[in-house]
Each structure stands twice: as structure tokens, then as C-alpha cells.
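# Breakdown of the fold
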Amino acid sequence: MFLSSCISHPLISPKISHFGQPSNLRRNVEVDKRFTSALETRSTDQPSQQARIGAGLLGEWSFARGTRLVIRPKVSTFIPFRKSFEVQASWLTTSQIASNMFTLGTAAVLPFYTLMVFAPKAELTKKTMESGVPFIVLGLIYAYLLYLSWTPETLRLMFASKYLLPELSGMAKMFSSEMTLASAWIHLLAVDLFAARQVFHDGLQNQIETRHSVSLCLLFCPIGIVTHFVTKALAETAAGDRHRMH
């Protein structure tokens, strides 16, 4: 504050008493306080330019008084942290959720294909494939991914043509999203597993080999279905030939 007084009032030189203390220190401090208060009041009434020169150093320029420097203590302001009350679906990113659901869905269907291919006549396989639990689980995963991937533009991209039919360009743009692509993959897994189960049950009822068809249904479901019908037709033809021979 003594330095502030010297800068603000260069014509006033403090006198040192015989006790070694500035005799005008208290008076200069009071003058500095009055000047600072007047400066703050004047800044709202008269046009002036203020700039922060350093920590606690304020510079002011005006036409009436020229340039003055006033040293002020820097006061730190503490702003309390406010917690956000937004409900978040997950701490994971969209890409991580899509990747995890993609892996989970793929791993979930593999045991059922394994049973149908390597133990088609086992009681465990028959009871397992009669259950609807795997389709319910895949359906819930698909619904969750569909909810996360849905945007206001989804319907517009799905029915982009003037006849309200899907277009290849719109579908390509829609599937550029990882979340949408993951939901489509879960959709395919559920449909493929359902088709493979139908092929498996039909093979058991008609005593037809289905392991090759079931294996193709995992990744190439339409080819697996065609293979099953071809196999079934060949088996019926062979059975008819044997019946005529007898």
C-alpha cells in the first residue's frame, strides 16, 4: 500500500521521524483508499480504459487525469463444483457399447450352433433348441441398440424414395453408424438362429442330415436354407427309390 501511495502521488514524499517510522504513512494510506474508492466510482461515470496489467495491478487512462497505476490485492474466487443431475445411459461411449454388444451377441449364439452340429441327436440339444430364451435375449439386445441408434433421420433414410421405399444410398448412410450396424448384426444373428432351428427340427422330424445346412445358416443363412431343401429333396428321392425297389 505504501508503494501504491508513492505511485499514485509522486509529489508527496514521506518524512522519516526520529523513531525510524514514516510519519506520513497513515495519511498516505488513507489518501490511497479514498483515491481507490473515487476511481471505482468514476469508472462508471466517465469514459475510461482499464486493463489488467498483472496480478493485482490495475491501469486506468482518462482524458482528465492521464494514466494512473493502482496496486490492488488479488482476491481468488472459489466457485463450488456443481454436480450434474443428468441421467446417463452408460459410462461407455457409443462405439464401446456397439462393440461390446456385437461381441456379446456373436458369442451368445455359438453354443446353440455347436450343439446342433456336433450333437444333433442329444437330449440336451433337443431341449435347448425348444427354448425361446435365446431369441428373447437377442430381441432385448436388438431393442436396446435400436433405441440408442434411432435418430430423427432414421425413418427418412429408410423410406427415402417418393414411393416410401428404401433406397440403397439412404441405407448406406444409415449403416455408416457403428450403433446401427451393431443392431443390424444382432438382427441377423436372431433371424439366422431361428432359421437354423427350423432346419434342425425339420431334419429331426424327417430324419434328414442337417449339420451342413445348420453350419451355413450361421453366416450364409439363405444358402443354408436352400441347402436344406436340396438335401431334403434328395433324401425323399432316395427314399422313394428304395421303396420302389422293395
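If you're wondering where the values come from, they're calculated on a predicted model, not measured in any experiment.

### A word on helix H10 (residues 221-245)
Taking 1.5 Å per residue, 25 residues should reach 36 Å; H10 reaches 36 Å between its end C-alpha atoms and fits that length. Buried within H10 we find Cys221, Gly224, Thr227, His228, Thr231 and Lys232. On its buried face, H10 is in contact with helix H8 (178-206) and helix H9 (211-219).

### Here we look at the confidence of the model for the protein
Overall, the prediction assigns the protein a mean pLDDT of 75, with 63% of residues at 70 or greater. Scored below 50 in pLDDT, residues 75-90 makes 1 contact in the model with residues more than four places away or belonging to other chains.

### Overview of unusual backbone geometry
At Gln207, a residue that is not glycine, the phi angle is positive and equals roughly 55 degrees. Among the structural elements, Gln207 can be located in the loop between H8 and H9. According to the relative accessible area criterion, Gln207 is exposed, its value standing at 75%.

### Comments concerning the layout of surface pockets
Considering only enclosed or pocket space, the largest pocket measures out at about 230 Å³ in volume. Taken together, 14 residues form the lining of the largest pocket, with Tyr142, Met174, Phe175, Thr180 and Ser183 sitting closest to its centre. Split by residue class, the lining of the largest pocket holds 9 nonpolar, 5 polar and no charged. The computed volume of the second largest pocket comes to approximately 200 Å³. In terms of lining, the second largest pocket is formed by Pro120, Lys121, Phe200, Gly203, Leu204, Gln207, Ile208, Glu209, Thr210 and Arg211. Among the elements that make up the lining of the second largest pocket, the one with the highest residue count is H8 (3 residues).

### Comments concerning helix H3 (residues 94-118)
With 25 residues, H3 should cover 36 Å at 1.5 Å per step; its first-to-last C-alpha distance of 37 Å lies within 8% of that length. Looking at H3, one finds that the buried residues are Ile97, Ala98, Met101, Gly105, Val109, Phe112, Tyr113, Met116 and Val117. On its buried face, H3 is in contact with helix H4 (123-130), helix H5 (133-149), H8 and H9.

### Points about the UniProt feature "transmembrane region" (unreviewed entry) in the protein
This chain's UniProt record puts "transmembrane region" (unreviewed entry) on residues 97-119 and 131-150. Helix makes up 96% of residues 97-119 and strand 0%. Its end C-alpha atoms lie 34 Å apart. The span residues 131-150 is 85% helical and 0% strand by assignment, and the distance between its end C-alpha atoms comes to 30 Å.

### A closer look at the side chain of Ser183
Within the secondary structure layout, Ser183 lies in helix H8. Of note is the side chain of Ser183, whose polar atom sits 2.6 Å from the backbone oxygen of Thr180. Among all residues touching Ser183, those that are not within four sequence positions of it are Tyr142, Leu145, Leu146 and Ser149.

Rules used in this analysis
For every chain, the first residue of its written sequence is number 1, and the numbers climb from 1 along that sequence. Per-residue local features of the predicted model are confined to residues with pLDDT of at least 70, and side-chain atom pairs are confined, for both listing and counting, to 80 or more; whole-chain, interface and lining totals are unaffected and use all residues. The side-chain quantities take in all heavy atoms of the structure and omit both hydrogens and water. Helix and strand definitions follow DSSP, with helices as H or I runs of at least four residues and strands as E runs of at least two, each counted in order from the N terminus. Multiplying 1.5 Å by the helix residue count minus one yields the expected span of that helix. The rule is simple: take the accessible area with a 1.4 Å probe, protein chains only, and divide by the maximum for that residue type; under 20% is buried, over 50% is exposed, in between is partly exposed. Pairs of residues are marked as contacts when any of their non-hydrogen atoms sit within 4.5 Å. A residue's pLDDT is the predictor's confidence in that residue, given on a scale from 0 to 100. Any residue with an atom within 4 Å of a point lines the site, the site being either a cavity, points on a 1 Å grid over the protein atoms alone where a 1.4 Å probe fits but cannot get out, or a pocket, an open set with protein on both sides within 12 Å along at least 5 of 7 lines. Grid points are joined across faces, edges and corners, and a volume is the space filled by probe spheres set on the points. Under this grouping Gly is polar, as are all residues other than the nonpolar Ala, Val, Leu, Ile, Met, Phe, Trp, Tyr, Cys and Pro and the charged Asp, Glu, Lys and Arg. UniProt positions are given in the numbering used here, feature names are shortened, and annotations may be inferred rather than shown by experiment. Throughout this description, a polar contact denotes any pair of N or O atoms lying within 3.5 Å of each other; where both atoms belong to protein, one of them has to be capable of donating a hydrogen while the other can accept it, and for residues adjacent in sequence the pair is counted only when both atoms sit in side chains.

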